[in-house]
Amino acid sequence: MHNLKDISFLIHTRIDVQDRIDNLEIVMDYYHHNSENVEFIIVNDDSKPDKRLKFLHDRYGKTSKFLFQENDGMYHRTRAFNEAANNTNRPFIIAHDTDVIIHPEHLVECKKYM
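Participant: So what about the pattern of salt bridges? Which residues, and what values?
Facilitator: Per the counting criterion, the structure on display carries seven salt bridges. In this structure, Asp-6 engages Lys-111 in a salt bridge whose closest nitrogen and oxygen atoms are separated by 3.2 Å. Placement of Asp-6 in the loop between strand 1 (2-3) and strand 2 (7-13) and of Lys-111 in helix 4 (residues 104-111) is noted, with a sequence separation of 105 residues between them. Between Asp-58 and Lys-54 there is a salt bridge, with its nearest N and O atoms 2.8 Å apart. Of the two residues, Asp-58 and Lys-54 both sit in helix 2 (residues 54-60), four residues apart, roughly one turn of that helix. Exposure class is identical for Asp-58 and Lys-54. Each is exposed.

Structure follows, in structure tokens:
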């Protein structure tokens with residue numbers, strides 16, 4: 001297992017289809033099963049909070065933060081990442097998507113060069 005205690009994963013998402021929830025669950029499950037000290041900060045960018053994320057909050061709420069950003073019709077990715085970055089004390093931040101998985105060993109290796 002790889003210790004990711006210095007890394008925070010920031011994920012900005014809008015849950016407009018079930019596939020986005022499924023992908024988010026896969027990404028979170030992967031890192032929690034293959035790493036230690038994982039922190040996710042999920043920013044849900046939508047017109048209202050999505051109750052379908054509750055099961056992930058119940059599963060990972062102790063190691064992750066779920067934030068809501070009200071969407072005004074514009075896609076505010078940078079604003080969401082800034083909000084998420086303000087909610088972590090970890091020195092390394094990864095702007096992550098729900099359709100990508102980076103092997104934890106590569107993340108630990110990359111830290112050596114930063």
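The rest of the description comes next.
Participant: Got a sec to walk through the packing of aromatic side chains? Specific residues and values, please.
Facilitator: A complete count under the given rule lists four aromatic pairs for this structure. Ring geometry for Phe-9 versus Tyr-31: centroids 4.4 Å apart, planes at 35 degrees, classification tilted. With Phe-9 in strand 2 and Tyr-31 in helix 1 (residues 18-34), this pair connects stretches of sequence that are 22 residues apart. Plain terms: the ring middles of Tyr-30 and Tyr-31 are 5.3 Å apart, the flat faces sit at 80 degrees to each other, and that makes the pair edge-to-face. Classification of Tyr-31 by relative accessible area gives buried; the value is 0%. An aromatic cluster is defined as three or more aromatic residues linked by ring pairs; in this entry it consists of Phe-9, Tyr-30, Tyr-31 and Phe-40.

Participant: Lay out the side chain of His-12 with the relevant residues and their values.
Facilitator: Turning to its location among the elements, His-12 is positioned in strand 2. Those residues in contact with His-12 that lie beyond four places of it in its chain are Val-43, Asp-45, Gln-69, Tyr-75, His-76, Arg-77, Ala-80, Phe-81 and His-96.

Participant: Residues and numbers for the nonpolar core, please.
Facilitator: Counting residues in each nonpolar core, the largest one holds 18 residues, and the members touching the most others are Leu-4, Phe-9, Leu-24, Met-28, Tyr-31, Phe-40 and Leu-107. Breaking this core down by element, the ones donating at least two residues are strand 2, helix 1, strand 4 (40-46) and helix 2. Of all the elements, helix 1 adds the most residues to this core, at five residues. Residue contacts for Leu-24: discarding those within four places in its chain leaves Ile-11, Ile-42, Leu-53, Leu-56 and Thr-98.

Participant: Any chance you could break down unusual backbone geometry for me, citing the residues and the numbers?
Facilitator: A positive phi angle, close to 55 degrees, is found at Asn-37, a residue other than glycine. Locating Asn-37 in the fold gives a position in the loop between strand 3 (35-36) and strand 4. Using a relative accessible area of 43% as the deciding quantity, one classes Asn-37 as partly exposed.

Participant: Residues and numbers for the environment of Arg-59, please.
Facilitator: Here Arg-59 lies in helix 2. Between the C-alpha atom of Arg-59 and that of Asp-29, which follows or precedes it by 30 residues, the distance is 9.6 Å. Apart from residues no more than four positions distant in its own chain, Arg-59 is found in contact with Glu-25 and Asp-29. Among the polar contacts made by the side chain of Arg-59, one reaches the side chain of Asp-29 at a distance of 2.8 Å.

Calculation criteria
- Residues numbered from 1 in each chain as written.
- Predicted model: local features only at pLDDT ≥ 70, side-chain atom pairs only at ≥ 80, totals over all residues.
- Heavy atoms only, no water.
- Salt bridge = Lys/Arg side-chain N within 4 Å of Asp/Glu carboxyl O.
- Helix = DSSP H or I, 4+ residues; strand = E, 2+ residues; numbered from the N terminus.
- Buried < 20%, exposed > 50% of the residue type's maximum accessible area, 1.4 Å probe, protein only.
- Phe/Tyr/Trp six-rings, centres within 6.5 Å; stacked < 30°, edge-to-face > 60°.
- Contact = heavy atoms within 4.5 Å.
- Core = buried A, V, L, I, M, F, W, Y, C linked by side-chain atoms within 4.5 Å.
- Polar contact = N/O pair within 3.5 Å; in protein donor to acceptor, adjacent residues only side chain to side chain.

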